[in-house]
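# Observations on the model geometry
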Amino acid sequence: MSVEVLGIAASPRRKGNTETLLDWALEAAAEAGAQVVKFRLRELEINPCIACDGCFDDGACIVEDDMEKLYPHLKGADSIILAAPIFSMGLAAQAKAMVDRCQPFWAVKYVLRRSLIPPGRPERMGAFLSCAGTRYKTVFDGARQVVRYFWHVLEVQPAGEILCPGVDAKGEINDYPSAREVARDIGRRLAVSR
Ligand SMILES: Cc1cc2nc3c(=O)[nH]c(=O)nc-3n(C[C@H](O)[C@H](O)[C@H](O)COP(=O)(O)O)c2cc1C
């Protein structure tokens, strides 16, 4: 059976820099035989977590919106690629809202004390792709910390990262040295069955 690679484009910008990185990676994953599933968060209704603790009862979110489409893939995909720009020194709000809405997975593990992923399942892998307009040396730090948490909650092993500073205007990623090749390499690696 082929590997499912889930791609999440978090930028509100159409054909933006981070979605371009994602598309390069997904294209290579598909060429390598993976079944690629892509979501653009800007096309989904994803509301913020309301901290109702409803998921503490049964591990399910009571908020009815498009997270219902994402949850099965977040739990079931073999590999996950999150592409999100830096906004205000952190992860863009669209991505952060999705990460916060993964609280049901946290509740399953740490409140209900159940395992999220069936025992014996091959290791899941994740990659984070990002761009920032500036070259400020800590510009990716906040986002990286949130993404590390995201992988931990989803029981995904971090297996790749592309962080492109100084990429601001739409399309500028096309001039970033080797970005396409590095993205394609990540896509190929995440498509390998384990
Ligand atoms: C609301 C907003 C906030 C931003 N904040 C930062 C920032 O704090 N630091 C930075 O280096 N770039 C910042 N940027 C620039 C983006 O990170 C940059 O344009 C990036 O290439 C956007 O990626 P995208 O095309 O995938 O959306 C910001 C852009 C916007 C629209």
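Now for a quick tour of the structure. (Residues numbered from 1 in each chain as written. Predicted model: local features only at pLDDT ≥ 70, side-chain atom pairs only at ≥ 80, totals over all residues.)

Looking only at helices and strands, the protein features seven helices and seven strands. Ordering the α and β elements of the protein from the N terminus gives β-α-β-α-α-β-β-β-α-α-β-α-β-α. Over its C-alpha trace the protein gives a radius of gyration of 16 Å, about what one expects of a compact globule, namely 16 Å for 194 residues. The principal-axis extent of the C-alpha atoms belonging to the protein is close to 50 × 40 × 30 Å. By sequence separation, contacts in the protein at least 24 residues apart represent 80% of the contacts at least 6 residues apart. (Helix = DSSP H or I, 4+ residues; strand = E, 2+ residues; numbered from the N terminus. Rg over C-alpha atoms; globule rule 2.2 N^0.38 Å. Contact = placed C-beta atoms within 7 Å.)

Spatially, five strands are ordered E2-E1-E3-E6-E7 in an open sheet, and the strand pairing comes out parallel. Single-partner strands in this sheet number two, and they are strand E2 (35-40) and strand E7 (156-164). Strand after strand, the sheet turns through a mean of 15 degrees between neighbouring axes, direction not considered. Judged from the six bridges that link them, strand E1 (residues 4-9) and E2 form a sheet pairing that is parallel. The residue of E2 that forms the bridge with valine 5 is valine 36. (Pairing = 2+ DSSP bridges. Axes fitted to C-alpha atoms, helices over the stretch in contact; angles between N-to-C directions.)

Attention now goes to the environment of alanine 169. With respect to the helices and strands, alanine 169 occurs in the loop between E7 and helix H7 (179-190). The class of alanine 169 is exposed, set by 10 C-beta atoms lying within 10 Å. Sequence-wise, alanine 169 and alanine 179 are 10 residues apart; in three dimensions their C-alpha atoms are separated by 16 Å. (Buried ≥ 20, exposed ≤ 12 C-beta atoms within 10 Å, placed from the backbone.)

If you look at the biggest cluster of nonpolar residues, it comprises 59 residues, and the most contacted ones within it are Val5, Leu21, Ala25, Ile81, Leu82, Ala83 and Leu129. Top element by residues in this core is helix H1 (residues 17-31). It accounts for seven residues. Those residues in contact with isoleucine 81 that sit more than four places away from it in its chain are Val5, Gly7, Ile8, Leu22, Ala25, Ala127, Leu129 and Leu190. (Core = buried A, V, L, I, M, F, W, Y, C linked by C-beta atoms within 7 Å.)

We now examine the site of the ligand. Taken together, 19 residues form the shell around the ligand, and within it Gly16, Thr18, Pro85, Gly133 and Thr134 come nearest. The set of elements that each furnish at least two residues to the shell around the ligand consists of H1 and strand E4 (86-87). Looking at the shell around the ligand, the element that brings in the most residues is H1, giving three residues. The residue inventory of the shell around the ligand, partitioned by class, reads eight nonpolar, seven polar and four charged. (Near = placed C-beta within 6 Å. Nonpolar A, V, L, I, M, F, W, Y, C, P; charged D, E, K, R; others polar.)

Another aspect to go through is the pairing of strand E6 (residues 124-131). Burial analysis of E6 places eight of its eight residues in the buried class, which makes it a mostly covered element. Residue alternation in E6 divides its side chains into two sets, Arg124, Gly126, Phe128 and Ser130 and Met125, Ala127, Leu129 and Cys131, and both sets are buried. The pairing of strand E3 (residues 79-83) with E6 spans five bridges and is classified as parallel. Within E6, the residue paired with isoleucine 80 across the bridge is glycine 126. Both E6 and E7 contribute to a ladder of seven bridges, which runs parallel. Bridged to cysteine 131 within E7 is cysteine 164. Each parallel crossover has a hand, and the one from E6 via helix H6 (residues 141-154) to E7 is right-handed. (Right-handed = clockwise from strand over helix to strand, strands pointing away.)

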